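# What the coordinates show
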Amino acid sequence: MLRRAAIPRFPFAVRVLRGQAQVTFLPSAVTGAFFSAALFTAGWVPGLYALLGTAVGTATARALGVGRDRLDAGLEGFNACLVAAGCAVLLDGTRPVTAVVAAFGAVVVTVVTAALRTVLAGRGIPTFTTPFCAVATVIALAAPGAHHPAVPPAGPATATFTELWHAFFANVGQIFFLPRWYAGALCLAGIWWADRRAGAAACLGSLTAIGTARLLGSPAAAVGQGLLGYNAVLTAMALYGVFLAADRWSLGYAVTGAVAATGLTPAVTAFLAPYGGHAFTWPFVVTATVFTAAAQAFPRLRPR
């Protein structure tokens, strides 16, 4: 009797790194390593917390019997990664209680992810980072003394050349709460290494966000720190080559989505101002969900 070929098991560390990479829809451990390096440029707290969250989320899913295909692809780690990284930013990461909150949040977000997958099953609409947004918003509202790095107050709208090229990279870094241009450059390098098309989409989203923010007269400080562009980067990547086939139609669709996500970011921030004003990736979630659902009614837009 022939024996069935054994399916190779990926080491847990590979699953964790892929979980970090899946924040930008890429199942690449190398990309995850780039992201981790970028997080550690901001200090050991965000770097360690992101790894902790991804590991806890992945381990929780494995313990609950989630399929190996999702675990190997890193699909059970990216929301947990963002929740833990958010805790490192919002709370004092040097306190043991913050680590407990981050770990618990990583467990809860795994359950929320499964719940949303069940609800949306068969509808052709991904969960995106909705689980992260929901859990992170609760933590931000519930934690006393939480730090909220919201969009700075209105200031000069005229950005210098330095602020603009900083913004190009910071728009990518802010996906992980990283405002430094060099951290964003590391993240972008990781994306390009895994998939050139994804890298091009990220660049397109960043440039679109910069142009839109300038047309809207947004404060130069906010633009330079990437606070108005990270949602556009994720939206452009999602709509061009990830959930829709990469062609000229989805390219225009992705640019339109990136514009919408950029405009929605300050609106969501203003709406949440009484509660700290952090938009997280809600603008991306709303925009990508609407555009992905609408694409099913447009014959020229083909699902991937």
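All values reported here derive from a predicted model rather than from experimental measurement.

Scoring rules and cut-offs
- Residues numbered from 1 in each chain as written.
- Predicted model: local features only at pLDDT ≥ 70, side-chain atom pairs only at ≥ 80, totals over all residues.
- Heavy atoms only, no water.
- Helix = DSSP H or I, 4+ residues; strand = E, 2+ residues; numbered from the N terminus.
- Expected span 1.5 Å × (residues − 1).
- Bend = angle between axes of the 7 residues up to and from the residue.
- Buried < 20%, exposed > 50% of the residue type's maximum accessible area, 1.4 Å probe, protein only.
- Contact = heavy atoms within 4.5 Å.
- Core = buried A, V, L, I, M, F, W, Y, C linked by side-chain atoms within 4.5 Å.
- Domains from an automatic or database assignment.
- Axes fitted to C-alpha atoms, helices over the stretch in contact; angles between N-to-C directions.
- Left-handed = near helix turned anticlockwise from the far one by under 90°.
- Nonpolar A, V, L, I, M, F, W, Y, C, P; charged D, E, K, R; others polar.
- Disulfide = S-S within 2.5 Å.
- 1 Å grid on protein atoms, 1.4 Å probe; cavity = no way out; pocket = protein on both sides within 12 Å on 5 of 7 lines; lining within 4 Å.
- Points joined across faces, edges and corners; volume = space filled by probe spheres on them.
- Salt bridge = Lys/Arg side-chain N within 4 Å of Asp/Glu carboxyl O.

### What about helix 8 (residues 161-173)?
Because each turn of an α-helix spans 3.6 residues, side chains separated by three or four positions in sequence point in the same direction. Taking 1.5 Å of rise per residue, the 13 residues of helix 8 would be expected to cover 18 Å, and the 19 Å separating its terminal C-alpha atoms lies within 8% of that figure. Approximately 35 degrees is the largest bend angle found in helix 8, and it occurs at A167. Among all positions in helix 8, only L164, A167, F168, A170, N171, V172 and G173 are buried. For helix 8, the secondary structure elements touched by its buried residues are helix 9 (181-194), helix 10 (196-215), helix 11 (220-224) and helix 12 (230-242).

### A look at the nonpolar core
Ranked by internal contacts, the top residues of the largest apolar core, which has 74 residues, are F132, F176, I191, M237, F280 and F284. Each of domain 1 (12-142) and domain 2 (161-296) accounts for three or more of the residues forming this core.

### Details of the packing of helix 13 (residues 248-271) against helix 14 (residues 282-295)
The geometry of helix 13 relative to helix 14 is characterised by a closest axis approach of 8 Å and an angle of 145 degrees between their N-to-C directions. When the axes of helix 13 and helix 14 are compared, the crossing they make is right-handed. Residues Y253, T256, G257, A260, A261, L264, T265 and V268 of helix 13 form the contact with helix 14, whose own contacting residues are W282, P283, V286, T287, F291, A294 and A295. Of the residues assigned to the contact of helix 13 with helix 14, the class counts are 11 nonpolar, 4 polar and no charged.

### Thoughts on the state of the cysteines
Per the stated rule, a full pass over the model turns up 0 disulfides. With no disulfide partner, C81 has as its closest neighbouring cysteine sulfur the one in C187, 10.0 Å distant. Owing to a relative accessible area of 0%, C81 belongs among the buried residues under this scheme. The closest cysteine sulfur to the non-disulfide-bonded C133 is located on C81, 14 Å from its own sulfur.

### Things to note about empty space enclosed by the protein
Inspection of every chain in the model, using the stated rule, returns 3 cavities of 30 Å³ or more. Put simply, the second largest cavity is a space of about 40 Å³. Along the walls of the second largest cavity sit F132, Q174, I175, F177, Y230, H278, F280 and T281, which together make up its complete lining. Of the residues assigned to the lining of the second largest cavity, the class counts are 5 nonpolar, 3 polar and no charged.

### What to know about the pattern of salt bridges
Going through the model one piece at a time under the given rule, you end up with 4 salt bridges. A salt bridge links D72 to R15; the shortest N-O distance between them is 2.8 Å. Residue D72 is found in helix 4 (residues 68-73), and its partner R15 is found in helix 1 (residues 12-21); the two are separated by 57 residues along the sequence. A salt bridge links R117 to E76, with the nearest nitrogen and oxygen atoms 3.7 Å apart. Residue R117 is found in helix 6 (residues 96-120), and its partner E76 is found in the loop between helix 4 and helix 5 (78-90); the two are separated by 41 residues along the sequence. Taking relative accessible area as the criterion, R117 reaches 36% and is therefore assigned partly exposed. Here the salt bridges share partners, and the residues they tie into one network are R70, E76 and R117.

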